[in-house]
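Take a look at the letters that make up each chain.
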Amino acid sequence: MFYLTEQFLSIQGEGKYAGTPSYFLRTGGCNLTCAGFGAKYVVDGEDRVGCDTYFAVDSKFTNLWERVDNSDTLIGNLFDKFDAIGYDPHIVITGGEPLLYYADKVFYALVEAMVDRGILITFETNGTIEIDFEAFPAYKKTMFALSIKLDNSGEAKSKRIRPQAIENIINYSKDSFFKFTIDKPLVDSSAFDEIREITDGFDTDIYCMPVGESRDTIWRNDKAVFEFCVKHNFLYSDRLHIRVFDTTQGV
Ligand code: SF4
């Protein structure tokens, strides 16, 4: 059993595959909360702070999530949709933290079915969960955006950085890349040292993108991140979907 919070056809707006038509499956639940990203929202009259996908993280929203108990129905519906649009899009499985479910029977059946059909899947993960690639070999044919959280997430280092989980994904997956979300204060302080510590020893692309759950917050950070990438030879990633649609969900 796993939770889906939304699914939609759109364009991947971030990272290595930015610009690619993609079908998004967003799972519910996360092992982090990342209050440092500062997205403000209200639940039952109470002010809360989280990341830009707080609606897929905060368990207060569980009543809005779809519980998936049987993979066959979901797989059938997805493939019908792909047949109707005339192509199999790149699939982005995001969250929340989708790898919370990596060993779940229903979730793995979905991944296997898509891999068997030759569909490219990218998992957007915080990189803290160690996958058993031998027991679940379909993951060897999938790709991973390693969105490792830095100090600006507000999470404790021991919780957000799990070197063995990162190493496993890089060594055993079809492709992977780092994607760091940073803001101007972090650029001006510890961003470079933190990124170097996490990525040291890996020959893996490093993308940096500006913090921002809205156009306004991206505009406050993008120039600093852009210049940071030029200075340190990192790859700049924008957030195309937010530039185009601002705070609208499901696009
Ligand atoms: S790991 Fe990602 S989805 Fe989870 S709380 Fe942090 S930013 Fe949000």
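All values derive from a computational prediction rather than experimental measurement.

## Structural notes on the pairing of strand E8 (residues 143-146)
So, point 1. The two faces of E8 match: Met143 and Ala145 on one face and Phe144 and Leu146 on the other face are all buried.
So, point 2. Judged from the 4 bridges that link them, strand E7 (residues 121-125) and E8 form a sheet pairing that is parallel. When the sheet's bridge partners are listed, Glu124 is paired in E8 with Ala145.
So, point 3. In terms of strand pairing, E8 meets strand E9 (residues 175-182) through 4 bridges, oriented parallel. For Phe144, the partnering residue across the bridge sits in E9 and is Ser176.

## Focus: the site of the ligand
So, point 1. All residues adjacent to the ligand are Cys30, Leu32, Thr33, Cys34, Phe37, Cys51, Thr53, Val57, Gly96, Asn126 and Lys149.
So, point 2. Of the residues in the shell around the ligand, the class split is 6 nonpolar, 4 polar and 1 charged.

## Quick word on helix H4 (residues 163-172)
So, point 1. Those residues of H4 that fall on the buried side of the exposure criterion are Ala165, Ile166, Asn168, Ile169 and Ile170.
So, point 2. In this structure, the buried side of H4 is in contact with E7, E8, E9 and helix H6 (191-199).

## Re the nonpolar core
So, point 1. Core analysis: the biggest nonpolar cluster contains 62 residues, and Met114, Tyr139, Phe180 and Ile182 have the highest contact counts within it.
So, point 2. It is helix H2 (residues 105-116) that contributes the most residues to this core, 8 residues altogether.
So, point 3. Discounting residues that sit within four places of it in the chain, Phe180 has contacts with Ile148, Leu150, Ile195, Ile198, Thr199, Ile206, Tyr207, Cys208 and Met209.
So, point 4. Membership of the second largest hydrophobic core comes to 6 residues, among which are Leu32, Phe37, Cys51 and Val211.

## Structural notes on the packing of aromatic side chains
So, point 1. The full count for this structure, using the stated rule, is 27 aromatic pairs.
So, point 2. Relative to Phe136, the ring of Tyr102 lies with its centre 5.4 Å away and its plane at 80 degrees, an arrangement referred to as edge-to-face. Here Tyr102, found in the loop between strand E6 (90-94) and H2, pairs with Phe136, found in the loop between E7 and E8; they are 34 residues apart in sequence, far enough to count as distant. The same class applies to Tyr102 and to Phe136, which are both buried.
So, point 3. Each ring, one from Tyr108 and one from Phe136, has its centre 5.1 Å from the other, and the planes form 80 degrees; the classification is edge-to-face. Note that Tyr108 is positioned in helix H2 and Phe136 in the loop between E7 and E8, a separation of 28 residues in sequence.
So, point 4. On the basis of relative accessible area, Tyr108 is assigned to the buried category, the value being 9%.
So, point 5. On the accessibility criterion, Phe136 (17% relative accessible area) is buried.
So, point 6. Among the aromatic residues, ring-to-ring pairing joins Phe2, Tyr101, Tyr102, Phe107, Tyr108, Phe123, Phe133, Phe136, Tyr139, Phe144 and Tyr172 into one connected group.

## A few points about the side chain of Ser237
So, point 1. Within the secondary structure, Ser237 sits in the loop between strand E11 (235-236) and helix H8 (240-245).
So, point 2. A relative accessible area of 3% means that Ser237 is categorised as buried.
So, point 3. A distance of 2.9 Å separates a polar atom in the side chain of Ser237 from the backbone nitrogen of Gly15.
So, point 4. Excluding residues within four positions of it along the chain, Ser237 makes contact with Glu14, Gly15, Tyr207, Cys208, Met209 and Pro210.

## Quick word on the packing of helix H1 (residues 71-85) against H2
When two helices pack together, you describe them by how their axes are tilted relative to each other and by the distance separating the axes.
So, point 1. Axis separation between H1 and H2 bottoms out at 9 Å; the angle between their running directions is 30 degrees. Between H1 and H2, the crossing angle belongs to the class labelled roughly parallel. For the crossing formed where H1 meets H2, the hand is right-handed. For the pair H1 and H2, the contacting residues are Ser71, Leu74, Ile75, Leu78 and Phe79 in the first and Val106, Ala109, Leu110, Ala113 and Met114 in the second.
So, point 2. Class assignment of the residues belonging to the contact of H1 with H2 gives a composition of 9 nonpolar, 1 polar and no charged.

## Looking at a nonpolar patch on the surface
So, point 1. Judged by side-chain polarity, Leu9, Ile85 and Tyr87 come together as a nonpolar surface patch covering roughly 240 Å² of accessible area.
So, point 2. Relative to the helices and strands, Tyr87 resides in the loop between H1 and E6.
So, point 3. Here Tyr87 falls in the partly exposed class, since its relative accessible area comes to 36%.

What counts as what
- Residues numbered from 1 in each chain as written.
- Predicted model: local features only at pLDDT ≥ 70, side-chain atom pairs only at ≥ 80, totals over all residues.
- Heavy atoms only, no water.
- Buried < 20%, exposed > 50% of the residue type's maximum accessible area, 1.4 Å probe, protein only.
- Helix = DSSP H or I, 4+ residues; strand = E, 2+ residues; numbered from the N terminus.
- Pairing = 2+ DSSP bridges.
- Near = heavy atom within 4 Å.
- Nonpolar A, V, L, I, M, F, W, Y, C, P; charged D, E, K, R; others polar.
- Contact = heavy atoms within 4.5 Å.
- Core = buried A, V, L, I, M, F, W, Y, C linked by side-chain atoms within 4.5 Å.
- Phe/Tyr/Trp six-rings, centres within 6.5 Å; stacked < 30°, edge-to-face > 60°.
- Polar contact = N/O pair within 3.5 Å; in protein donor to acceptor, adjacent residues only side chain to side chain.
- Axes fitted to C-alpha atoms, helices over the stretch in contact; angles between N-to-C directions.
- Parallel < 35°, antiparallel > 145°, perpendicular 65-115°, else oblique.
- Left-handed = near helix turned anticlockwise from the far one by under 90°.
- Patch = residues over 30% accessible without salt bridge, like charges linked within 9 Å, V, L, I, M, F, W, Y side chains within 5 Å.
- Areas by Shrake-Rupley, 256 points an atom, 1.4 Å probe, with all protein chains shown as cover.
- Salt bridge = Lys/Arg side-chain N within 4 Å of Asp/Glu carboxyl O.

No statement about biological role is implied by the geometric values presented.
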